[in-house]
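Structure at a glance
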Amino acid sequence: MRTMKAQHSNGRGRSPFLTSYALTLAFITFVSVLYFKDFSSTLHQPFLHRPPPHHRRGGQISRPLRHAHHGGNGNAAEHHRAAAAAQQLPFAVGAAPAGCDVGLGEWVYDEAARPWYQEEECPYIQPQLTCQAHGRPDKGYQHWRWQPRGCSLPSFNATLMLEMLRGKRMLFVGDSLNRGQYVSLVCLLHRLIPESSKSMETFDSLTVFRAKDYNATIEFYWAPFLAESNSDDAVVHRIADRIVRGTSIEKHAKFWNGADILVFNTYLWWMTGQKMKILQNSFEDKNKDIIEMETEDAYGMVLKAVLKWVESNMDPKTSRVFFVTMSPTHTRSKDWGEDTDGNCYNQTTPIKDLSYWGPGTSKGLMSVIGEVFGTSNIPVGVVNITQLSEYRKDAHTQIYKKQWNPLTPEQIANPKSYADCTHWCLPGLQDTWNELLYSKLFFP
């Protein structure tokens, strides 16, 4: 190879200034392509590929997509300001289209693009969620893709996410629904990590997945009420008489310190059908001072305590916080128009009525979420998974899961009597929850 010498004065050689300029321009172009193109097509990863937004197959739930119209210079200026603000958030690499609500849309049946992974390929799924291993005869629930109205979700890219999590700690905090979303995310990412470079361990209430080559952890912490309660044992927590210790979150929050990304949820455990019992002193006190509060008031009280901690302990310049809305149940088939006295058992397709909202999902608590986090001094991304999950009566674990207690002859004779219409099979619906989280995190 010949060594080329720069020529400065005869006009025939390249100027160092021009060479530097060209290299800088090439680098900017490279970064633009890396972060703003569809990563699935750029990096040629079949595992991460999904078809174009308007691709359709049979068995879909569909209605014509409405495209958002943004007329006027004022709207354009507002869009540019919002996009600039979004890209200033930590971890952001782009911005969502203006006016796009990814929580509103339709389920499209798409065997080519879903599921992202196979059940047997992810060893981290708990036996409560491995529906195929426990005899579920159909797989249709795995093949539905969420299509927002008038816009599209960015393609989930595991390579990008792992790179963005390099040297970081991501922590999910909440109940078993939040744990299911946590495991789903691990399943979406782990295939890109060599066996020798990953591990998962549980320490009481804390489960830690390590991606060693990235010096990153993705973790789950059990705290079903977020505040201290008598249901805090990660294993033995089936307590009918649930008691929450007011706004006391210190017991749990010491595990949240140091997280770069926090993903909270709390809902299911609040739905007792009765007023909430609030402990005003300590669980160690012999004479316990307990009052009763309306569920919405108690829920708002705890969320405000969590928000206060977030505002005091999370740096909005380096960290992000999210709250995932409530996960619905499907316990009465008459709620969605069926004549039979059934539930989620043997359901194999989503609900087609796009206005459906189940009676078991509290609109009151939903409004509390908006009221509390709408007052935040730092950005809290609300990941609205509720409406899209309302349609998925087919995606629950039903009877296809590990049963912790032996079934009685009566239960065996009537499977719907012990069907789990709360939790979700993996792969399945909760992978879509993580698509929405991915969108909020990287394209706010």
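Just so you know, these numbers come straight off a predicted model, no measurement behind them.

Rules used throughout
Residues numbered from 1 in each chain as written. Predicted model: local features only at pLDDT ≥ 70, side-chain atom pairs only at ≥ 80, totals over all residues. Heavy atoms only, no water. pLDDT = per-residue confidence, 0-100. Contact = heavy atoms within 4.5 Å. Salt bridge = Lys/Arg side-chain N within 4 Å of Asp/Glu carboxyl O. Helix = DSSP H or I, 4+ residues; strand = E, 2+ residues; numbered from the N terminus. Buried < 20%, exposed > 50% of the residue type's maximum accessible area, 1.4 Å probe, protein only. Disulfide = S-S within 2.5 Å. Polar contact = N/O pair within 3.5 Å; in protein donor to acceptor, adjacent residues only side chain to side chain. Phe/Tyr/Trp six-rings, centres within 6.5 Å; stacked < 30°, edge-to-face > 60°. Axes fitted to C-alpha atoms, helices over the stretch in contact; angles between N-to-C directions. Parallel < 35°, antiparallel > 145°, perpendicular 65-115°, else oblique. Nonpolar A, V, L, I, M, F, W, Y, C, P; charged D, E, K, R; others polar. Left-handed = near helix turned anticlockwise from the far one by under 90°. Core = buried A, V, L, I, M, F, W, Y, C linked by side-chain atoms within 4.5 Å. Pairing = 2+ DSSP bridges.

Moving on, we come to the confidence of the model for the chain. Across the chain, the average pLDDT comes to 85, with 80% of residues at or above 70. Here residues 1-21 is a poorly scored stretch, pLDDT under 50, and it has five contacts once near neighbours within four places are set aside; other chains count.

In the structure shown here, the tally under the stated rule is 14 salt bridges. Residue Lys 277 pairs with Asp 241 through a salt bridge whose shortest N-O separation is 2.9 Å. With Lys 277 in strand β9 (residues 276-279) and Asp 241 in the loop between β6 (216-222) and β7 (243-244), this residue pair connects regions lying 36 residues apart in the sequence. Residue Asp 241 is classed as partly exposed on the basis of its relative accessible area of 40%. Measuring nitrogen to oxygen at the nearest pair gives 2.7 Å for the salt bridge that ties Arg 332 to Asp 335.

Applying the stated rule across the entire model yields four disulfides. Note on cysteine connectivity: Cys 131 is disulfide-linked to Cys 425, with sulfurs 2.0 Å apart. Measuring the twist about the S-S bond at about -95 degrees, one finds the Cys 131-Cys 425 disulfide to be left-handed. Pair noted here: Cys 131 is in the loop between β1 (105-109) and β2 (144-148) and Cys 425 is in the loop between β14 (420-424) and α11 (429-442), with a separation of 294 residues, a long-range link. Cys 131 gets classed as buried once you look at its relative accessible area, which sits at 0%. Residue Cys 425 is classed as buried on the basis of its relative accessible area of 0%. Across the disulfide, Cys 344 is cross-linked to Cys 421 (sulfur-sulfur distance 2.1 Å). Between Cys 344 and Cys 421, the disulfide has an S-S torsion of -85 degrees and is therefore left-handed.

Tracing the sequence through the fold places Ser 229 in the loop between β6 and β7. Only 3.0 Å separates the side chain of Ser 229 from the backbone nitrogen of Ser 231, close enough to count as a polar contact.

What follows is about the packing of aromatic side chains. Under the definition given, this model contains 19 aromatic pairs. Ring geometry for Trp 116 and Phe 156: centres 6.2 Å apart, planes at 55 degrees, overall tilted. With a gap of 40 residues between them, Trp 116 in the loop between β1 and β2 and Phe 156 in the loop between β2 and α4 (158-164) connect regions that are remote in the sequence. Neither residue differs from the other here; Trp 116 and Phe 156 are each classed as buried. Centre to centre, the rings of Trp 256 and Trp 309 are 5.3 Å apart; their planes meet at 90 degrees, and the pair counts as edge-to-face. Residue Trp 256 is located in the loop between α6 (250-253) and β8 (261-264), and its partner Trp 309 is located in helix α7 (residues 295-313); the two are separated by 53 residues in the primary sequence. A residue is classified by how much of its surface remains accessible, and Trp 309, at 10% relative accessible area, is buried. In textbook terms, an aromatic cluster arises when at least three aromatic residues are bridged by ring pairs, as seen for Trp 116, Phe 156, Tyr 438, Phe 442 and Phe 443.

As a packed pair, helix α5 (residues 176-189) and α11 sit with axes 9 Å apart at the nearest point and diverge in direction by 80 degrees. Judged by the angle between their axes, α5 and α11 are roughly perpendicular. Contact residues: α5 offers Leu 177, Gly 180, Gln 181, Ser 184, Leu 185 and Leu 188, while α11 offers Gln 430, Asp 431, Trp 433, Asn 434 and Leu 437. Class assignment of the residues belonging to the contact of α5 with α11 gives a composition of five nonpolar, five polar and one charged.

Structurally, the position occupied by Thr 386 is in helix α9 (residues 386-390). Under the relative-accessibility criterion, Thr 386 is labelled buried at 0%. There is a polar contact of 2.8 Å between the side chain of Thr 386 and the backbone oxygen of Met 326.

Two numbers describe how α7 lies on helix α8 (residues 363-373): the axes approach to 10 Å, and their chain directions differ by 30 degrees. Regarding the angle of α7 to α8, the classification is roughly parallel. Considering the relative orientation of α7 and α8, their crossing is right-handed. Residues Thr 295, Glu 296, Tyr 299, Gly 300, Leu 303, Lys 304 and Leu 307 of α7 lie in contact with α8, whose contacting residues are Gly 364, Leu 365, Val 368, Ile 369, Val 372 and Phe 373. Here the residues of the contact of α7 with α8 are counted per class, giving eight nonpolar, three polar and two charged.

As a further point, take the nonpolar core. By size, the foremost hydrophobic cluster in this structure holds 106 residues, and its most contacted members are Met 161, Trp 256, Leu 262 and Phe 264. Examining the composition of this core, we find that nine residues originate from one element, α7, more than from any other. Ranked by size, the runner-up nonpolar core spans nine residues in total, among them Cys 344, Ile 399, Cys 421 and Cys 425.

All right, on to the environment of Glu 338 then. The residue Glu 338 is located in the loop between β11 (320-324) and α8 in this model. Among residues more than four places away in sequence, those in contact with Glu 338 are Ser 333, Gln 347 and Lys 393. Of note is the side chain of Glu 338, whose polar atom sits 3.3 Å from the side chain of Trp 336.

Moving on, we get to the sheet that holds strand β12 (residues 380-383). The strand order across the open sheet formed by seven strands is β4-β5-β6-β3-β8-β11-β12, and the pairing between neighbours is mixed. Two strands bound the open sheet, and with one partner strand each, they are β4 (198-203) and β12. If you compare each strand with its neighbour and ignore which way they point, the axes differ by 15 degrees on average. Strand direction decides the pairing type here: β4 and strand β5 (residues 206-211), joined by six bridges, are antiparallel. Note that in β5 the partner of Phe 203 across the bridge is Leu 206.

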